[in-house]
Amino acid sequence: MPDRQRMFLAFWPDAAVRKDLVDIQSAMHFRRGRMVHPLDLHITLVFLGMVDTGQAPCVEAAAGGQAANAFDLTIDHTGYWPRPRVAWCGPAEVPRPLQTLVDGLQRDLRTCGFEPEARTYRPHVTLARDARGGATGPLASPVVWPCHRFVLASSSGAREPPRYEVVREWPLRPHKMMPTDS
Ligand code: ATP
Ligand code: MG
């Protein structure tokens, strides 16, 4: 293992959600752009940047110490950020358990030497870079992404995809069962 690796915490889709995301990507009909490889599709929770081998146990303890609940994320629209020229899809609203998870990670990662992100958290799946001409807006068929685990991923910077590798994963707390009347 290298002394330092570029890393981030993320939600990684299972095969069914990945297929739905690829369908959204195809339906945007970009005129041009670099499509994100299916195996690289993800939602970043916290970008860490370079992580030293010595910091890894602290990062893993911070990730493993979260007590956030599992939840469903509804991917219901696509959009385009002109400055980074990124086309994406994401949820219109940030569910409370998602914000709780991101806040908890940012807080606990401070002790490992990572400063919290100052910008508002905007969950999204990057679909294409240097993209032009894609149709954006609400999705006719939103995708429900069951979020019950999150991962630590490394970013290789390799030219050839897949560019990311899942290193470890942690479960979220299972949905609470509602008591039934009987
Ligand atoms: P490249 O930077 O080589 O074009 P990339 O952005 O896909 O490719 P990374 O920069 O390693 O790869 O980023 C990994 C993940 O972290 C991506 O989801 C990216 O959007 C996110 N990310 C990268 N930098 C930041 C940052 N400064 N703040 C928040 N998220 C970031
Ligand atoms: Mg980048």
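Above this note sits the structure.
Residues numbered from 1 in each chain as written. Chains lettered and ligands numbered in written order. Predicted model: local features only at pLDDT ≥ 70, side-chain atom pairs only at ≥ 80, totals over all residues. Heavy atoms only, no water.

Visitor: Explain the overall build of the protein to me, using residue names and the numbers behind them.
Guide: A count of helical and extended segments in the protein gives three helices and nine strands. Tracing the protein from N to C terminus, the helices and strands come up as β-α-β-β-α-β-β-α-β-β-β-β. What you see for the protein is a C-alpha radius of gyration of 17 Å, in line with the 16 Å of a compact globule of 182 residues. Principal axes of the C-alpha set define a box for the protein whose edges measure 60 × 45 × 30 Å. In the protein, 78% of the contacts between residues at least 6 apart in sequence involve partners at least 24 apart. (Helix = DSSP H or I, 4+ residues; strand = E, 2+ residues; numbered from the N terminus. Rg over C-alpha atoms; globule rule 2.2 N^0.38 Å. Contact = heavy atoms within 4.5 Å.)

Visitor: Please provide a residue-by-residue account of the site of ligand 1, values included.
Guide: Taken together, R6, F8, H42, T44, F47, E117, R119, R129, S155, R163 and Y164 are the residues near ligand 1. With respect to ligand 1, the side chain of S155 contributes an N or O atom lying 2.6 Å from an oxygen atom. Relative to its unbound accessible surface of 590 Å², ligand 1 loses 64% to contact with the protein. At a threshold of 2 Å from the grid points, most atoms of ligand 1 map onto the largest pocket. Here the residues of the shell around ligand 1 sort into three nonpolar, three polar and five charged. (Near = heavy atom within 4 Å. Polar contact = N/O pair within 3.5 Å; in protein donor to acceptor, adjacent residues only side chain to side chain. Areas by Shrake-Rupley, 256 points an atom, 1.4 Å probe, with all protein chains shown as cover. 1 Å grid on protein atoms, 1.4 Å probe; cavity = no way out; pocket = protein on both sides within 12 Å on 5 of 7 lines; lining within 4 Å. Sits in = over half its atoms within 2 Å of the grid points. Nonpolar A, V, L, I, M, F, W, Y, C, P; charged D, E, K, R; others polar.)

Visitor: Outline the pattern of salt bridges, supporting the account with residue identities and numerical values.
Guide: One pass over the full model with this rule turns up nine salt bridges. Here D52 makes a salt bridge to R4, at a shortest N to O gap of 3.0 Å. Residue D52 is located in strand β3 (residues 43–52), and its partner R4 is located in strand β1 (residues 4–11); the two are separated by 48 residues in the primary sequence. Note on D52: relative accessible area 31%, which makes it partly exposed. D130 is paired through a salt bridge with R85; the nearest N and O atoms lie 3.2 Å apart. (Salt bridge = Lys/Arg side-chain N within 4 Å of Asp/Glu carboxyl O. Buried < 20%, exposed > 50% of the residue type's maximum accessible area, 1.4 Å probe, protein only.)

Visitor: Could you give an account of the layout of surface pockets, naming the residues involved and the relevant values?
Guide: Quantified by volume, the largest pocket comes out at close to 1000 Å³. Lining the largest pocket are 29 residues; nearest its centre among them are T44, F47, E117, R119 and H124. Those elements that provide at least two residues to the lining of the largest pocket are β1, β3, α3 (96–109) and β6 (125–132). A total of six residues in the lining of the largest pocket trace back to one element, the largest contributor, which is β3. Tallied by class, residues from the lining of the largest pocket come to 16 nonpolar, seven polar and six charged. Computed from the structure, the second largest pocket encloses a volume of approximately 170 Å³. If you trace the second largest pocket, you find it lined by R34, M35, V36, H37, D40, H42, T126, R129, R159, P161, R163 and Y164. Elements that contribute at least two residues to the lining of the second largest pocket include exactly β2 (32–35) and β6. Here the residues of the lining of the second largest pocket are counted per class, giving four nonpolar, three polar and five charged. (Points joined across faces, edges and corners; volume = space filled by probe spheres on them.)

Visitor: Summarise the pairing of strand β5 (residues 86–90); cite the residues concerned and give the values.
Guide: Most of β5 sits out of view: five of its five residues are buried. Of the two faces of β5, the one lined by V86, W88 and G90 and the one lined by A87 and C89 are each fully buried. Here five bridges tie strand β4 (residues 71–81) to β5, and the two strands are oriented antiparallel to one another. For H77, the partnering residue across the bridge sits in β5 and is G90. A loop of four residues connects β4 with β5, the two strands running antiparallel in sequence, and R85 in this loop sits at a positive phi of about 55°. (Pairing = 2+ DSSP bridges.)

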